[in-house]
Amino acid sequence: MSRTRYVTAASKKKQPNRKHKGLVTVILIYHSFATRMKALGNIAMIMVNKTDRLVDKHLAMLDKTLDDYEVIISVGHESYKVQQYIYNKYKNLNIRCVENKDYQNSNTCESMRIAMNNTNNQQLLVINGSMLFETKLLQDMQMESLETVISNDSVNKMTDIGANVNEKTKLVEHISYGAIDKKWCEILYIPEENALNEMKKSLESREFNNKVLYEFMNAMIQKNLKISYNTSNSKVLRIQNMGANK
């Protein structure tokens, strides 16, 4: 499945309120499965209502938010089943799948590295596929600089990864389990060539092979990358006990 392109041009819906300019490459990371739902397969295939799987919800929200975009789906567990599902259902979307064959011995950072290495575009939107959220969360993003999304603890008590932020500089200072007040939504917009190159360079190190996304974010902050944040009041649910989170 790796590096296989199997559909045609992206559909375009012109909406003047969309803020981004140029092609956006969206990386959806479906690394593994939710441990209590392993029988259902990769987390992308979990039914979130009577008609939609998690991947369907994500793709629908992207279509409502972005104009000129492509999608790279990075898959580990049961990658073939995800690919076949996407191939059959989304023939008119500019989308391709890449496979993390070593997903059992690696983590979400490795799946992100593989996806990043499959595009030359310098405007990326990275989304942890284990997050279920509302379309408004994406629409709330400024998409003007290196940016992530946080929410208030009062809205998303079920989201377990928090963010410490600087209210004066509007920058993220640290992300970790147990941080209170602000919750990290595991979405990152990267529109800067220098930042993207630094991230790709860091991901090539074996140090990150078995790390999760928030650990990578903290490492980038320590490298003095200035990651701004936008606050959304949208509800966010992180599918709990995902197998990749060791």
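Nothing here was measured: the structure is a model prediction, and the numbers come from that model. Sequence order as written defines residue numbering, which begins from 1 separately in each chain. Reporting in this predicted model follows two pLDDT cut-offs: at least 70 for local features of residues, and 80 or more for side-chain atom pairs to be given and counted; totals over whole chains, interfaces and linings ignore these cut-offs and use all residues. As a rule here, side-chain values cover all heavy atoms of the structure and leave hydrogens and water aside.

(A) Representation of unusual backbone geometry in the model. Although it is not a glycine, methionine 143 sits at a positive phi angle of roughly 55°. Positive phi values are uncommon outside glycine, yet asparagine 224 reaches one of about 70°. Helix and strand assignments come from DSSP, with helices taken as H or I runs of at least 4 residues and strands as E runs of at least 2, each series counted from the N terminus. Position of asparagine 224 among the secondary structure elements: in the loop between helix 6 (213-222) and strand 11 (228-232). Accessibility expressed as a relative area gives 63% for asparagine 224, which makes it exposed. Exposure is judged per residue with a 1.4 Å probe applied to protein chains only, and the accessible area is read against the type maximum: over 50% gives exposed, under 20% gives buried, and values in between give partly exposed.

(B) Local environment of the pairing of strand 4 (residues 95-99). For strand 4, a buried count of 5 out of 5 residues is recorded, marking the element as mostly surrounded by other parts of the structure. Burial along strand 4 is two-sided: Ile95, Cys97 and Glu99 and Arg96 and Val98, pointing in opposite directions, are all buried. Judged from the 5 bridges that link them, strand 3 (residues 69-75) and strand 4 form a sheet pairing that is parallel. Among the inter-strand pairings, isoleucine 72 is bridged to a residue of strand 4, identified as arginine 96. We call a crossover right-handed when, viewed with the strands running away from us, the connection from the first strand over the helix to the second turns clockwise. Each parallel crossover has a hand, and for strand 3 linked through helix 2 (residues 79-89) to strand 4 it is right-handed. A pair of strands is labelled paired if DSSP reports no fewer than 2 bridges between them.

(C) Just the packing of aromatic side chains, in detail. The pairing test for Phe, Tyr and Trp rings, Trp by its six-membered ring, is centres within 6.5 Å, and the orientation test on the planes gives stacked under 30 degrees, edge-to-face over 60, and tilted for anything in between. Counted by the stated rule, this structure contains 2 aromatic pairs. Considering the side-chain rings of tyrosine 177 and tyrosine 214, the 5.3 Å spacing of their centres and the 90° angle between planes classify their relative orientation as edge-to-face. Within this pair, whereas tyrosine 177 is found in strand 9 (residues 171-177), its partner tyrosine 214 is found in helix 6, the two being separated by 37 residues in sequence. Seen from their ring centres, phenylalanine 208 and phenylalanine 216 are 5.5 Å apart, and the 85° between their planes marks the pair as edge-to-face. Residue phenylalanine 216 is classed as buried on the basis of its relative accessible area of 1%. The ring of tyrosine 87 has lysine 91 sitting right over it, with the charged end atom 4.4 Å from the ring centre. Distance and angle both matter: a charge sits over a ring if NZ of Lys or CZ of Arg is within 6 Å of the ring centre and within 35 degrees of the ring normal.

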